[in-house]
Number of protein chains: 4
Amino acid sequence: MNVGGIFPALTTPFEPDGKVSISGVKANILRYNHIGLAGYVVLGSTGEAVMLTRDEADSVLAAAKEAAAPGKLMIAGTGAESTSETITRTKRAAALGYDLALVKTPYYYKPAYKAETYIHHYRAVADASPIPVLLYSVPIYTGITLETSEIVTLSEHPNILGIKDSSGSVKRLGEVVAGASPDFQVLTGSAPVVYPALSIGVRGAVLALAAALPEACVELFEYAKHGEHAHARELQLKLVTASKKILSAQGIAGLKYAMELRGYQGGAPRLPLLPLKEEHKQPIAAAVAPFHPATARA
Amino acid sequence: MNVGGIFPALTTPFEPDGKVSISGVKANILRYNHIGLAGYVVLGSTGEAVMLTRDEADSVLAAAKEAAAPGKLMIAGTGAESTSETITRTKRAAALGYDLALVKTPYYYKPAYKAETYIHHYRAVADASPIPVLLYSVPIYTGITLETSEIVTLSEHPNILGIKDSSGSVKRLGEVVAGASPDFQVLTGSAPVVYPALSIGVRGAVLALAAALPEACVELFEYAKHGEHAHARELQLKLVTASKKILSAQGIAGLKYAMELRGYQGGAPRLPLLPLKEEHKQPIAAAVAPFHPATARA
Amino acid sequence: MNVGGIFPALTTPFEPDGKVSISGVKANILRYNHIGLAGYVVLGSTGEAVMLTRDEADSVLAAAKEAAAPGKLMIAGTGAESTSETITRTKRAAALGYDLALVKTPYYYKPAYKAETYIHHYRAVADASPIPVLLYSVPIYTGITLETSEIVTLSEHPNILGIKDSSGSVKRLGEVVAGASPDFQVLTGSAPVVYPALSIGVRGAVLALAAALPEACVELFEYAKHGEHAHARELQLKLVTASKKILSAQGIAGLKYAMELRGYQGGAPRLPLLPLKEEHKQPIAAAVAPFHPATARA
Amino acid sequence: MNVGGIFPALTTPFEPDGKVSISGVKANILRYNHIGLAGYVVLGSTGEAVMLTRDEADSVLAAAKEAAAPGKLMIAGTGAESTSETITRTKRAAALGYDLALVKTPYYYKPAYKAETYIHHYRAVADASPIPVLLYSVPIYTGITLETSEIVTLSEHPNILGIKDSSGSVKRLGEVVAGASPDFQVLTGSAPVVYPALSIGVRGAVLALAAALPEACVELFEYAKHGEHAHARELQLKLVTASKKILSAQGIAGLKYAMELRGYQGGAPRLPLLPLKEEHKQPIAAAVAPFHPATARA
């Protein structure tokens, strides 16, 4: 299995009454199907997975799988705090036809979680999982960073395919590429460093920004792949600015508004995430403008 | 309602096959009933609440309420990531006869959570809750600290009774006591600073350590209450050392072992929390020894 | 030597042209001499020691010693980044008649500084020093925290008298009091926790706040010493609020303005520390007002 | 002035008695002169500048300037805590013939240092400096990060030429390249991300690693400059591993030992930095081995 390419981290749209919008989930994917995305990440951090009940999560997984075009790699976020619940969710995703499980680090009992905790946890999940596992390190949300030595140790497990590293540390990406076995696949979760990361051997990216600007993200990947370095640099710098104005400044609420501007189902996130304020809409519109529709390749 | 006094943060015992031990939950409480504890905190951080399914959580709440002696104040941990799920859990706790809801801060989307997020969240929960709410700030696990200004603002809500502050910052405890209305009740969650905290107007404490050493914790509270300052200082310093050796060093696994040594249902925590290693048992036994049974008042 | 009591961390006044005001240094001390302070800390963090040249530092040390009344314990900040420079400064302070050297942790090469670095450094300084040494842990400025185990190890050195711990962690203060030898003297550097700290065996305090409000700080110490707990609590809560409005909000610039309001030589700090803005003066005046002159005992 | 290229951050060798080895400073530079380095950074963090007296610092600056071949760009570290001392040091460096001043952020009074503090400080230094100024952000040592918005604001000053950013954040490098004026020159201080940084428009690098492995660092720069991307990637990954084993693991002591292995003047750092332990020598020898002498181009 090859996870090279761009995966949008899908958002979860909600109805005005707060319920998950299953039709919105499907509508977005049907549009994404026409762009050169490698697949979809469902129920990641961007998907507000931690806000959903188990039933809601199941319905989103099923809807996304149903809407996705054949050949798209389907990745389900299945990490929970306990090892047993993580395994339960992973098996459910496999039963729903998902190709890969994206397993974020447990993170609540930080003072008690050591390297051996994570090694034991991921091995237990990978042993029990019917589908390959991607490690997921996202310190901005969890406060936990998987360190190079832990990742390299886990890379030897036959059912651990790779990692999504959202630390934004290109140094760590390089250390893992240099230190892990050659078939261990590294993805970055950070839009501002996609091209730098690809330049040192990262395979692809899972990007929240690709939920709003999928064409440009795919274009960047293609430039890098085909050695069009001047174009890649130029587009990367544009995406640095867009990511800063949309995601660094306004998070999921900003991303959903950017999606709306580009014709996707957006809406407000679930509380306690506050809806985007009126005064923050214009800067996001300005950030999206350069990408609509000129850079679209599809 | 007066939350002055000592509340143990109850652990959740598990059967050898990993299931919640409902009989263990009850057995521990039946023993605690004979000590001068003010009540019980069920499904807090120490109770591994984040490891439990919704059904398991409900069964623990019901069992604890059933076993508790009349007059014990029952406090349920009901904080979830989303505002709506927090309200759902709070209402369920109220329906099961709980007196207070202990609501930890949402904490996943740290970069998006600002002061206004927490103020909006807690007001919505307090507005909807049939029972009074205690704020709960526990940065060691969540990475989120409720700041003095936020606490003081929230202290004005008629259905927010007080706060459990587990930051360990006596400075913040003092700022809140000095800044909030006189009927806002402040509890510390940090065993090493109970007496210093009481010295500046904190009402009581919710303590993991009190699950293993309830008599000593109650004794410390009584010394402070009755102005026996030399005794309070001496006992506090003993508890500082015990807390360091048991909880700082070995977390919930260490606490559960200390409970076993004192005749309670302990056992291993749920994975990924690893069971206590053999070599760590002796230091805990040494830490518990001075408290058994000499300091017991009951 | 007994460091029980209150020590103001002296500020360094500057002339309008930016030069150190030696007359200002002396004038302030001549006024402090009439209050029940145990002594003076010269060239601490509050004294902007890191802003001074070697010659300026020497002139301040000499002036302070000259102005101080007999019997006041004289403590010189002598910590530098290198061990050799720290020893040089310490010997100079001893030659100028200082009683104690306050040695902050080296802090620049954080990733390389381990427990053994600090143990080796402090032993070398204490071995070479003609006067007793106080450890100084001030993480708010240095980013370095001396941990309990390091402090306890160092407490055994015959020429290390104690520690000024400015971490604000009452838990650590308790651990050190409980763990170190009984003759190791612990001082807190945090005004908001003086009374809580004294309640568990801390000997005294080195306080920036005492440069502006020395009478109240001394009064608090006396209340605690004589078991007037209700008065101590009430005054501590007043000082919590004052410290927050003056020092937490406005730092050294705020402290110097508060000193001016109380008749001391204040002035602006040295750049890059910016002078106090006009709009921040009123809140400091309000914070100082309750202490002038009613609580003055002298 | 163009700072494109590789600059080693020079170490300061010491004699066995602890004095600065001026002959060692010169000997190293005389060897570096034959490699394609763009210039030298003297008295940076790697040069243990914070460990040196003013006289020692002056003698190192003079010696380095004397030994450097014509055409090498000379950069002096001149940042001090106070604005006035920073200006004094900067003028001295200019008088000694240095081309650029590298000015690290003041960092002691962290809670008081805001964006406006840094903007005011750097403008005052740049206004007064006879030579152009490079901003220097090195959070690993200072705990202070210059943020994108501050850097972009300062980039407009005519005497601020660029920045050395040692945060290791390729995201920030990209934000600055995208946001600052095109003639603002960005250097990275992080060996593991040189090629990724160059890929998005960074001009060059100031590297501690280049004090031990200058040829390989220059070779990497040349590969990137000439579009030999496969070679650049391969060499970058080798340098990632070398940097991790030498600098991340053993800091300046490890770097100096690696220098010795490659024929430079190394030796121990100044205390409190501890000398390299025997058991840490072999891993450094292993890290250096692949670079000796095969990758040398000169």
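Cut-offs applied
Residues numbered from 1 in each chain as written. Chains lettered and ligands numbered in written order. Predicted model: local features only at pLDDT ≥ 70, side-chain atom pairs only at ≥ 80, totals over all residues. Heavy atoms only, no water. Helix = DSSP H or I, 4+ residues; strand = E, 2+ residues; numbered from the N terminus. Rg over C-alpha atoms; globule rule 2.2 N^0.38 Å. Buried < 20%, exposed > 50% of the residue type's maximum accessible area, 1.4 Å probe, protein only. Areas by Shrake-Rupley, 256 points an atom, 1.4 Å probe, with all protein chains shown as cover. Lys, Arg positive; Asp, Glu negative; His and termini not counted. Charge placed at Lys NZ, Arg CZ, Asp CG, Glu CD. Expected span 1.5 Å × (residues − 1). Pairing = 2+ DSSP bridges. Axes fitted to C-alpha atoms, helices over the stretch in contact; angles between N-to-C directions. Least-squares fit on C-alpha atoms with pLDDT ≥ 70 in both. Contact = heavy atoms within 4.5 Å. Buried area = accessible area lost by both parts, 1.4 Å probe. Salt bridge = Lys/Arg side-chain N within 4 Å of Asp/Glu carboxyl O. Polar contact = N/O pair within 3.5 Å; in protein donor to acceptor, adjacent residues only side chain to side chain. Parallel < 35°, antiparallel > 145°, perpendicular 65-115°, else oblique. Left-handed = near helix turned anticlockwise from the far one by under 90°. Nonpolar A, V, L, I, M, F, W, Y, C, P; charged D, E, K, R; others polar. Phe/Tyr/Trp six-rings, centres within 6.5 Å; stacked < 30°, edge-to-face > 60°. Lys NZ or Arg CZ within 6 Å of the ring centre and 35° of its normal. Core = buried A, V, L, I, M, F, W, Y, C linked by side-chain atoms within 4.5 Å.

S.K.: For the overall build of chain A, give the residues involved together with the corresponding values.
M.R.: From N to C terminus, chain A includes 11 helices and eight strands. A compact globule built from 298 residues should have a C-alpha radius of gyration of about 19 Å, and chain A, at 18 Å, falls within 12% of that. In chain A, which comprises 298 residues, the proportion classed as buried is 62%. A total of about 10,200 Å² of accessible surface is found on chain A, and carbon and sulfur atoms cover 53% of it. Of the side-chain charges in chain A, 28 are positive and 26 negative, and the distance between the mean point of each set is 2 Å.

S.K.: Can you explain helix α10 (residues 229-261) of chain A? Please cite residues and give values.
M.R.: With 33 residues, α10 of chain A extends only 29 Å from end C-alpha to end C-alpha; this falls clearly short of the ideal 48 Å at 1.5 Å per step. Among the residues trailing α10 of chain A, Gly263 of chain A stands out with phi positive, at a value near 95°.

S.K.: Can you break down the sheet that holds strand β1 (residues 5-8) of chain D residue by residue, with the values?
M.R.: All names here are of chain D. Pairing in this open sheet of eight strands is parallel, and the strands run β1-β8-β7-β6-β5-β4-β3-β2 from one edge to the other. Single-partner strands in this sheet number two, and they are β1 and β2 (39-42). Taking the axes of each pair of neighbouring strands and ignoring which way they run, one obtains an average angle of 25° across the sheet. Note: β1 against strand β8 (residues 204-207), four bridges, orientation parallel. Looking at the pairing, Pro8 lines up with Leu207 of β8.

S.K.: Account for the relation of the copies chain C and chain B, with residues named and values stated.
M.R.: When chain C is brought onto chain B, the operation consists of a screw motion whose angular component is 180° and whose axial shift is 0.0 Å, with 0.0 Å RMSD remaining. Seen this way, the second copy is the image of the first under a two-fold rotation axis. The C-alpha atom lying nearest the rotation axis in chain C is that of Pro196 of chain C; the distance is 2.1 Å. Comparing interface residues between copies, 100% of those in chain C also sit at the interface in chain B, which points to an isologous, same-surface contact.

S.K.: Before we move on, could you go through the sheet that holds strand β4 (residues 100-104) of chain B and cite the residues and values that matter?
M.R.: Residues and elements named next belong to chain B. Read across the sheet, eight strands follow the order β1-β8-β7-β6-β5-β4-β3-β2 without closing on themselves; strand pairing throughout is parallel. Looking at strand neighbours, the two that pair on one side only are β1 (5-8) and β2 (39-42), the edges of this open sheet. Averaged over all pairs of adjacent strands, the angle between their axes in this sheet comes to 25°, without regard to strand direction. Along the sheet, helix α7 (residues 170-179) contacts β6 (160-165) and β7 (185-188); its crossing angle with β7, the most-contacted strand, is approximately 170°.

S.K.: Which residues make up the interface of chain C and chain B, and what are the values?
M.R.: Tallying the contact residues gives 23 residues for chain C and 23 residues for chain B. Across the interface of chain C and chain B, roughly 1,900 Å² is buried in total on both sides, 70% from carbon and sulfur atoms. Applying the counting criterion to the chain C and chain B interface returns zero salt bridges. Across the contact surface, chain C and chain B share five residue pairs in polar contact (both at pLDDT 80 or more). If you list the elements that add at least two residues to the side of chain C that touches chain B, you get α7 (170-179), α8 (194-199) and α10 (229-261) of chain C. A per-element tally of the side of chain C that touches chain B places α10 of chain C first, with eight residues.

S.K.: Could you give an account of the packing of helix α3 (residues 83-95) of chain D against helix α4 (residues 115-128) of chain D, naming the residues involved and the relevant values?
M.R.: All names here are of chain D. The geometry of α3 relative to α4 is characterised by a closest axis approach of 10 Å and an angle of 30° between their N-to-C directions. When the axes of α3 and α4 are compared, the pair comes out roughly parallel. In the packing of α3 onto α4, the handedness of the crossing is right-handed. Residues Thr83, Thr86, Ile87, Thr90 and Lys91 of α3 touch α4, and the partners they reach there are His121, Ala124, Val125 and Ala128. Of the residues belonging to the contact of α3 with α4, the class tally is four nonpolar, four polar and one charged.

S.K.: Outline the arrangement of the chains, supporting the account with residue identities and numerical values.
M.R.: Separated without contact, chain A and chain C have their nearest C-alpha atoms at a distance of 16 Å. Looking at chain B next to chain D, you find no contact at all, with the nearest C-alpha pair sitting 16 Å apart.

S.K.: Quick rundown of the relation of the copies chain A and chain B? Include the residues and the values.
M.R.: Taken as rigid bodies, chain A and chain B are interconverted by a rotation of 180° and an axial shift of 0.0 Å, the fit giving an RMSD of 0.0 Å. The fraction of interface residues of chain A whose copies in chain B are also interface residues reaches 100%, indicating that both copies meet through the same surface.

S.K.: Run through the interface of chain A and chain B, naming residues and quoting values.
M.R.: When the parts of a complex come together, some accessible area is lost, and that lost area is often taken as the interface size. The interface is formed by 36 residues belonging to chain A together with 36 residues belonging to chain B. Summing both partners gives a buried area of about 3,000 Å² for chain A against chain B, and 68% of it is carried by carbon and sulfur. When the area that chain A buries against chain B is broken down by residue, the three leading residues are Tyr108, Tyr109 and Pro272 of chain A, summing to 26%. Counting every contact that joins chain A to chain B gives two salt bridges. Lys277 of chain A is the salt-bridge partner of Glu116 of chain B, the closest N and O atoms lying 2.7 Å from each other. Summed over the shared surface of chain A and chain B, the result is 12 residue pairs in polar contact (both at pLDDT 80 or more). Only α3 (83-95), α4 (115-128) and α5 (139-142) of chain A provide two or more residues apiece to the side of chain A that touches chain B. When residues in the side of chain A that touches chain B are grouped by element, the largest group, four residues, is from α4 of chain A.

S.K.: Describe in detail the packing of aromatic side chains, supporting the description with residues and values.
M.R.: Geometry of an aromatic ring pair is reported as the spacing of the ring centres plus the angle between the planes. Within this structure, the stated rule accounts for 34 aromatic pairs over all chains. Among the aromatic residues, those joined into a cluster by ring pairs are Tyr107, Tyr108, Tyr109, Tyr113, Tyr118 and Tyr141 of chain A together with Tyr107, Tyr108, Tyr109, Tyr113, Tyr118 and Tyr141 of chain B. Against the face of Tyr264 of chain A rests Arg31 of chain A, its NZ or CZ located 4.2 Å from the ring centre.

S.K.: Give a description of the pattern of salt bridges that names residues and reports values.
M.R.: According to the stated counting rule, one finds 44 salt bridges over all chains in the structure shown. Salt-bridge contacts for Glu66 of chain B lead to Lys26 of chain B; the nearest nitrogen and oxygen are separated by 3.2 Å. Of the two residues, Glu66 of chain B sits in helix α2 (residues 54-67) while Lys26 of chain B sits in helix α1 (residues 22-32), which places them 40 residues apart along the sequence. Assessed through its relative accessible area of 59%, Glu66 of chain B is described here as exposed. Exposure remark for Lys26 of chain B: the relative accessible area of 25% places this residue in the partly exposed category. For Lys19 of chain C, the salt bridge is made with Asp17 of chain C, and the minimal N-O distance between the two is 3.7 Å. One salt-bridge network, in which partners are shared between bridges, spans Arg54, Glu85 and Arg89 of chain A.

S.K.: Before we move on, can you summarise the packing of helix α1 (residues 22-32) of chain A against helix α2 (residues 54-67) of chain A with the specific residues and values?
M.R.: Residues and elements named next belong to chain A. It is the contact of α1 with α2, at a shortest axis distance of 9 Å, that shows an interaxial angle of 30°. If you check the angle between α1 and α2, you find them roughly parallel. Here α1 runs over α2; the crossing is right-handed. Side by side, α1 and α2 meet where Ile22, Val25, Lys26, Ile29 and Leu30 of the first sit next to Ser59, Val60, Ala63, Ala64, Glu66 and Ala67 of the second. Across the contact of α1 with α2, the residue classes tally to eight nonpolar, one polar and two charged.

S.K.: Pulling in residues and values, what's your account of the nonpolar core?
M.R.: In this structure, Val42 of chain A, Val42 of chain B, Val42 of chain C together with Val42 of chain D are the most contacted members of the largest nonpolar core, which totals 441 residues. Sequence-distant contacts of Val42 of chain D, that is, excluding residues within four places in its chain, are made with Leu10, Val60, Leu61, Ala64, Met74, Ile75, Ala76, Gly77 and Tyr98 of chain D.

S.K.: Summarise the pairing of strand β4 (residues 100-104) of chain C; cite the residues concerned and give the values.
M.R.: Residue and element names in this part refer to chain C. Among the five residues in β4, five count as buried, and that is most of the element. Covered by surrounding structure in β4 are Leu100, Leu102 and Lys104 together with Ala101 and Val103, the residues of both alternating faces. In the sheet, strand β3 (residues 73-77) pairs with β4 via three bridges, with the strands oriented parallel. Within β4, the residue paired with Gly77 across the bridge is Leu102.

S.K.: Describe the side chain of Ser190 of chain D, and please don't skip the residues or the numbers.
M.R.: Mapped onto the elements of the fold, Ser190 of chain D is located in the loop between β7 (185-188) and α8 (194-199). Classification of Ser190 of chain D as buried rests on a relative accessible area of 10%.

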